[in-house]
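The lines below spell out each chain.
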Amino acid sequence: MSNEAIGADRFLALVAAAQDRDLRLTSLQAGLLVAAELGIASDSRSFARMLGIAHALVLRDLSALAERDDMLQVVKRDPKTMRVHYRLAKP
């Protein structure tokens, strides 16, 4: 699914719905889950670029989310670029 097909309003509505289902999620964490579910981003750099936010902020929330171990799994880390690839724990 392409970014244009989803639209910003739909993406933000899905992020808000994810946060309503789990109040522990930050907006970034909910966005990471929605992006993985929709197939629009499965690595930290792509997600950061897509939303125009600092990669370090994405890495921080991605690490916290991966520590929960029930929603998202880290599948690969690139030490040179710091890019982290992830997928939903329960597709």
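This text follows the structure it describes.
Residues numbered from 1 in each chain as written. Predicted model: local features only at pLDDT ≥ 70, side-chain atom pairs only at ≥ 80, totals over all residues. Heavy atoms only, no water.

### Overview of unusual backbone geometry
Excluding glycine, most residues fall at negative phi; most peptide bonds, likewise, are trans.
Link 1 in the chain: At M82, a residue that is not glycine, the phi angle is positive and equals roughly 70°.
Link 2 in the chain: Among the structural elements, M82 can be located in the loop between strand 1 (72-77) and strand 2 (84-88).
Link 3 in the chain: Residue M82 is classed as partly exposed on the basis of its relative accessible area, which comes to 48%. (Helix = DSSP H or I, 4+ residues; strand = E, 2+ residues; numbered from the N terminus. Buried < 20%, exposed > 50% of the residue type's maximum accessible area, 1.4 Å probe, protein only.)

### Brief notes about the pairing of strand 1
Link 1 in the chain: With 5 bridges joining them, strand 1 and strand 2 adopt antiparallel strand pairing. Of the residues in strand 2, the one forming a bridge with K76 is H85.
Link 2 in the chain: The turn linking strand 1 back onto strand 2 is made up of 6 residues, and M82 within it adopts a positive phi angle of 70°. (Pairing = 2+ DSSP bridges.)

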